[in-house]
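Coordinate inspection notes
Single-letter residue listing:
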Amino acid sequence: MTTWFGPLPALLGAAVLVAACGNTNNNVTASASGTDSDATAGPTSMTDGTITGGTDSDSDSNATEGTGSASMTSLPTTGEPPTSTSNGTMTSTSDPDTTSTTNPVSTTEPVDTTTTLGPDTTSTSDGTTTTGPDCIPTEEVCNDLDDDCNDIIDDVDVGGDGICDCLDIALFGNEGANPSAEFQTWLEAQGTQVDRISLDNTPITQEILDSYDIVILDWLVRTYSPEETALIKAWVEGGGGLMSMTGHTNNQTVVDRPNSIISSMGLSYNASQGFFSGPVTNWTPHPLTDGITSVSFYGGLYVDIVDDGVGMNTVVGTLPQGPVAVAQVRNDGKLFIFGDEWIEFDSEWQQIPQIKQFWVNILAYLSPQNFCTVPQ
Ligand SMILES: [Ca+2]
Ligand SMILES: [Ca+2]
Ligand SMILES: [Ca+2]
Ligand SMILES: [Ca+2]
């Protein structure tokens, strides 16, 4: 792995980009396009690295204290995989196979626990029935079935880029402000199906959420209602993967809008330390951090963590101001909350190999269990 891009080259890169867009300091101190009167906390005077309580104007009552590591727990790896996906992969009892004892077409029921035409048997939940000895491998395609009998549904990566081609990804909100923001195009080039939605007040519905494996919160254009938040939370708990970015500009909107969704799951952005920059070099060993030593971070926020009794949180990346990369296992689903948006910019994933690897890790982590993960 490379370590050449320490803070200095990264900052130089930032300077180049900032110069390119004619902005003096991009999103660290510039007011960007927003003129919100509720823009709060500029960088505070605290320099001792301690995280203070959230006495900001953030209306999120969950954002209490910044003691992010207090509730962190180790990441379990035993989340239940989603069910109801494969139907028909184990209908192999009709194959003219092994049971050639006396009667070719067996009238006696083999000791097969799965009914062949049952109402959508939960065949993948125990991890063994999809690839029984009767599974006949065929080419894996995106069809919600484990065609090649390796216990992973739709593990297709034609380009060998490390990102599963069968992922359906929704980007909520707008792209970042940098002039070259081809993040969606890049994701599609890795084989995924990507839609940028939620650019207006059209309500989020169950049908919308069910169309996607992963939702990425980009530069949100509004806050979300409690009803929408409840749907998103239930979607995560049922196996969805939710990622959030922030810090697209430096006012309270990039706190309140994402928090309207994620704070219901115990995680929230906190601006009490102002908007600060990295790079992030302090990483915890975790599937999200394989091969990662330094990640761009310009004008971002730290993440408050509240143990809500359901989500199991792991701080995977920190800056002196607090946790800036937090993973959560939430029933069958997962969250990854990151404190900045620069990782989505072309300059980063094009020129810094670790940023691409970071996305490979993120998308693999957020993919539903036993679905659409490819060997690294
Ligand atoms: Ca497979
Ligand atoms: Ca398949
Ligand atoms: Ca791919
Ligand atoms: Ca930022």
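All of these numbers come straight from a predicted model, not from anything done at the bench.

With respect to the overall build of the protein
A count of helical and extended segments in the protein gives eight helices and 10 strands. Every one of the 376 residues in the protein was classed for burial, and the buried ones make up 45%. Sequence-distant contacts in the protein: of pairs separated by 6 or more residues, those separated by 24 or more amount to 73%.

What to know about the nonpolar core
Ranked by internal contacts, the top residues of the largest apolar core, which has 77 residues, are Ile169, Ile214, Val326, Phe336 and Ile362. Among the elements that take part in this core, helix H8 (residues 353-366) stands out by supplying eight residues, more than any other. Setting aside chain neighbours within four positions, we find phenylalanine 336 in contact with Met243, Leu288, Ala327, Ile362, Tyr365 and Leu366.

Side note on the environment of valine 324
Residue position: valine 324 is located in strand S9 (residues 322-330). With 28 C-beta atoms counted inside 10 Å, the residue valine 324 sits in the buried group. Between the C-alpha atoms of valine 324 and glycine 278, which are 46 residues apart in sequence, the distance is 9.9 Å. Excluding its chain neighbours within four sequence positions, the residues that come into contact with valine 324 are Val280, Phe297, Gly300, Tyr302, Val303, Gly317, Thr318, Leu319, Phe338 and Gly339.

Section: the environment of proline 279
Here proline 279 shows up in the loop between strand S5 (267-270) and strand S6 (282-283). For the pair formed by proline 279 and leucine 319, sequence separation is 40 residues and the distance between their alpha carbons is 8.2 Å.

Observations regarding the sheet that holds strand S8 (residues 312-319)
If you walk across this open sheet you meet the eight strands as S2-S1-S3-S4-S10-S9-S8-S6, and the pairing is mixed. Every interior strand has two partners, whereas the edge strands, strand S2 (193-197) and S6, have only one. Looking at chain direction, strand S4 (residues 241-244) and strand S10 (residues 333-338) are connected through four bridges and run parallel. The residue bridging leucine 242 from the neighbouring strand is leucine 335, located in S10.

So, helix H5 (residues 226-237)
In a regular helix each residue adds 1.5 Å, so 12 residues correspond to 16 Å; H5 covers 16 Å between its end C-alpha atoms and thus fits that length. When we look at burial in H5, the residues that qualify are Ile232, Lys233, Trp235 and Val236. Take H5 and look down its axis: the buried residues cluster within an arc of 160°, on one side only. Residues of H5 that are exposed and angled more than 90 degrees away from the buried face: Pro226, Glu227 and Ala230.

Quick notes on the confidence of the model for the protein
Per-residue confidence for the protein gives a mean pLDDT of 75; residues scoring 70 or more make up 64%. Contacts of residues 1-129 to residues separated by more than four positions or lying in other chains number 210 contacts, the stretch itself having pLDDT below 50.

As for the environment of valine 326
Within the secondary structure, valine 326 is located in strand S9. Taking C-alpha positions, valine 326 is 5.8 Å from phenylalanine 336, a pair spaced 10 residues apart along the chain.

Considerations on the pairing of S9
In terms of residue burial, S9 counts as a mostly covered element, since nine of its nine residues are buried. As paired strands, S8 and S9 are joined by seven bridges and run antiparallel to one another. Across the sheet, residue valine 315 finds its bridge partner in S9, namely valine 326. Taken together, the six bridges between S9 and S10 define a ladder with antiparallel strand orientation. By the bridge assignment for S10, alanine 327 is matched with phenylalanine 336. Hairpin connection, S9 to S10: the antiparallel pair is bridged by two residues, and asparagine 331 has positive phi, about 50°.

Analysis parameters
- Residues numbered from 1 in each chain as written.
- Chains lettered and ligands numbered in written order.
- Predicted model: local features only at pLDDT ≥ 70, side-chain atom pairs only at ≥ 80, totals over all residues.
- Helix = DSSP H or I, 4+ residues; strand = E, 2+ residues; numbered from the N terminus.
- Buried ≥ 20, exposed ≤ 12 C-beta atoms within 10 Å, placed from the backbone.
- Contact = placed C-beta atoms within 7 Å.
- Core = buried A, V, L, I, M, F, W, Y, C linked by C-beta atoms within 7 Å.
- Pairing = 2+ DSSP bridges.
- Expected span 1.5 Å × (residues − 1).
- Arc of directions from axis to C-beta.
- pLDDT = per-residue confidence, 0-100.

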